[in-house]
Amino acid sequence: MMRELALSWNLNEAVEFAKTEEGLRALSVLLRDQNQRVRLRALSILNSVMDEIKSGKTRLMELFFEPLVYLTNSEDEKTRIRTLPVLRRLLRETHIQVREFEMLISALFSLAEECDGMAWNEVVELLNVTPVSVMPPRIASVARARLQSGNLRTATLGAYVLVQEGDSLEGISEEFLDAIRRALKHGDSTTMELALMTVKELLRVPPTYPVDTVLLGLVPYLRGLAEEGENINLRNEAKNILSTLLDTLRNYYRTNPWELERSVKHLVRKERKEDAILIASLMGDPSILLAVEGDSNFTAGSNTEFGMMGGRDL
């Protein structure tokens, strides 16, 4: 009956039928129908059903989550673009289980590899409304591996997933930093937006080593976006994030002076000389650079370069 209603485009009657348990089950089956026309109409019916059903979201998740995730990997771009907003509505304000989250992120990584434009924008919108309670270990491992992907969307998504998981970034901080830097400098607007979302997530908790060195390395890229970005919304967001980031780092190093030398040594070891000078400028204290032992080439001329950066004028 539901299939006949969908094909006849009798939307009102289809929605009424879908308010029953039998109708909901039938609608979930239609999402896997071989006929693309049937699948698209089923998506429209489900979207209307969610307009009218104010409770019982758990049952909707049980019936429609897997079929919708399956459709995100459809070979038909129109189906993917129509599916993602419906899935976003389903997930809004809903805490999904570990198995479901693993399935979702796997699908989104596939989309990041294959899709750009509107589909990629829908992926980032979906991430915005998907709360995460527990990160499956396998997904965290996959995300770490994706940081060095040549696909900028994939690398940025990997960085975002790692932050959501609360990864310490130990051993991968430079790869993580490179992914976000690339996104902020060379990404499309949607990829930049995801990179900024990632930095905001990093700033939700006090930084610890080596996260502080990542934040420090992002300063010139955030400033560049804030001053020269083509998208006014991204410019404003970058400006606000940069202000918060600088305040966060100042407070972190003032209250944790024992971490400051450790971070400077990390920067020198990774040949990030400009970032090491920046940390001294941030604190208004060029003598910080003298904490680095056994590197006369690095410390030579540091005071001059520090002065050129304007001391505290960051």
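Residues numbered from 1 in each chain as written. Predicted model: local features only at pLDDT ≥ 70, side-chain atom pairs only at ≥ 80, totals over all residues. Heavy atoms only, no water.

**Q** What am I meant to see in the overall build of the protein chain here?
**A** A tally of regular secondary structure across the protein chain gives 18 helices and zero strands. Taking the intrachain contacts of the protein chain between residues at least 6 apart in sequence as the baseline, contacts between residues at least 24 apart amount to 72%. For the protein chain, the accessible surface area stands at approximately 15,000 Å², while carbon and sulfur atoms represent 46% of it. (Helix = DSSP H or I, 4+ residues; strand = E, 2+ residues; numbered from the N terminus. Contact = heavy atoms within 4.5 Å. Areas by Shrake-Rupley, 256 points an atom, 1.4 Å probe, with all protein chains shown as cover.)

**Q** What am I meant to see in the pattern of salt bridges here?
**A** When charged atoms on two side chains of opposite charge get close, those side chains can pair. Throughout the structure, instances matching the rule amount to 20 salt bridges. Note that Glu-21 and Arg-25 form a salt bridge whose closest N and O atoms lie 3.3 Å from each other. Remark: Arg-25 and Glu-21 occur in helix 3 (residues 21–30); sequence separation between them is four residues, near one turn of the helix. Here Glu-261 ties to Lys-265 by a salt bridge, and the two come within 3.1 Å at their closest N and O atoms. With Glu-261 and Lys-265 both in helix 15 (residues 257–269), this residue pair falls four residues apart, about one helical turn. Salt bridges sharing partners connect three or more residues here, namely Glu-21, Arg-25, Arg-59 and Glu-62. (Salt bridge = Lys/Arg side-chain N within 4 Å of Asp/Glu carboxyl O.)

**Q** How should the environment of Arg-262 be read in this particular structure?
**A** Note that Arg-262 resides in helix 15. Judged by relative accessible area, Arg-262 falls into the partly exposed class, the value being 42%. A sequence separation of 49 residues divides Arg-262 from Thr-213, and the C-alpha atoms of the two residues are 9.9 Å apart. (Buried < 20%, exposed > 50% of the residue type's maximum accessible area, 1.4 Å probe, protein only.)

**Q** Would you explain unusual backbone geometry in this entry?
**A** Most peptide bonds adopt trans geometry, and most residues besides glycine take a negative phi value. Geometrically, the link from Tyr-209 to Pro-210 is a cis peptide bond, its omega value of 5° lying close to zero. Locating Pro-210 in the fold gives a position in the loop between helix 12 (189–202) and helix 13 (211–228). Non-glycine residue Leu-169 carries a positive phi angle of around 65°. Along the chain, Leu-169 turns up in the loop between helix 10 (152–165) and helix 11 (173–186).

**Q** Help me out: how do you make sense of helix 13 in this one?
**A** Turn by turn, an α-helix covers 3.6 residues, leaving residues three or four places apart pointing in a common direction. Taking 1.5 Å of rise per residue, 18 residues should cover 26 Å, and helix 13 covers 26 Å from first to last C-alpha, within 8% of that figure. A bend of about 40° at Val-219 is the largest found in helix 13, and the proline Pro-220 appears one to four places after it. Of all the residues in helix 13, the buried ones are Val-211, Asp-212, Thr-213, Val-214, Leu-215, Leu-216, Gly-217, Leu-218, Val-219, Leu-222, Leu-225 and Ala-226. Packing partners of the buried residues in helix 13 comprise helix 11, helix 12, helix 14 (232–255), helix 15 and helix 16 (273–283). (Expected span 1.5 Å × (residues − 1). Bend = angle between axes of the 7 residues up to and from the residue.)

**Q** Looking at this structure, I do not really get the packing of helix 13 against helix 16. What am I missing?
**A** The packing of two helices is summarised by the inter-axis angle and the distance between the axes. Look at helix 13 against helix 16: their axes get within 10 Å of each other, and the N-to-C directions meet at 90°. Classified by the interaxial angle, the pair formed by helix 13 and helix 16 is roughly perpendicular. Contacts between helix 13 and helix 16 pair Leu-216, Gly-217, Val-219 and Pro-220 from the former with Asp-275, Leu-278, Ile-279 and Leu-282 from the latter. Across the contact of helix 13 with helix 16, the residue classes break down as six nonpolar, one polar and one charged. (Axes fitted to C-alpha atoms, helices over the stretch in contact; angles between N-to-C directions. Parallel < 35°, antiparallel > 145°, perpendicular 65-115°, else oblique. Nonpolar A, V, L, I, M, F, W, Y, C, P; charged D, E, K, R; others polar.)

**Q** Explanation requested: the confidence of the model for the protein chain in the structure shown.
**A** The predicted coordinates of low-pLDDT regions are not to be read in fine detail. Averaged over all residues, the pLDDT of the protein chain is 87; the fraction at 70 or higher stands at 89%. Across residues 299–313 the pLDDT falls below 50, and counting only partners more than four positions away or on other chains, this stretch makes 23 contacts in the model. (pLDDT = per-residue confidence, 0-100.)

**Q** Can you help me understand the packing of aromatic side chains in this one?
**A** To describe a pair of aromatic rings, you give the distance between the ring centres and the angle between the ring planes. Per the stated rule, a full pass over the model turns up one aromatic pair. The ring of Tyr-70 carries the charged tip of Arg-32 above its face, separated from the ring centre by 5.2 Å. (Phe/Tyr/Trp six-rings, centres within 6.5 Å; stacked < 30°, edge-to-face > 60°. Lys NZ or Arg CZ within 6 Å of the ring centre and 35° of its normal.)

**Q** Any chance you could explain the packing of helix 10 against helix 11 here in plain terms?
**A** Orientation of helix 10 relative to helix 11, taken along the N-to-C sense of each, is 125°, at an axis distance of 9 Å. In this view, helix 10 runs oblique relative to helix 11, as classed from their interaxial angle. Seen from above, helix 10 lies across helix 11 with left-handed handedness. Where helix 10 approaches helix 11, its residues Leu-152, Ala-155, Thr-156, Ala-159 and Val-163 are matched on the opposing element by Phe-176, Ala-179, Ile-180, Arg-182, Ala-183 and His-186. Classifying every residue of the contact of helix 10 with helix 11 gives eight nonpolar, two polar and one charged. (Left-handed = near helix turned anticlockwise from the far one by under 90°.)

**Q** Please explain the environment of Glu-274 as it appears in this structure.
**A** Its location among the elements puts Glu-274 in helix 16. In sequence terms Glu-274 and Gly-217 are 57 residues apart; their C-alpha atoms lie 9.0 Å from each other.

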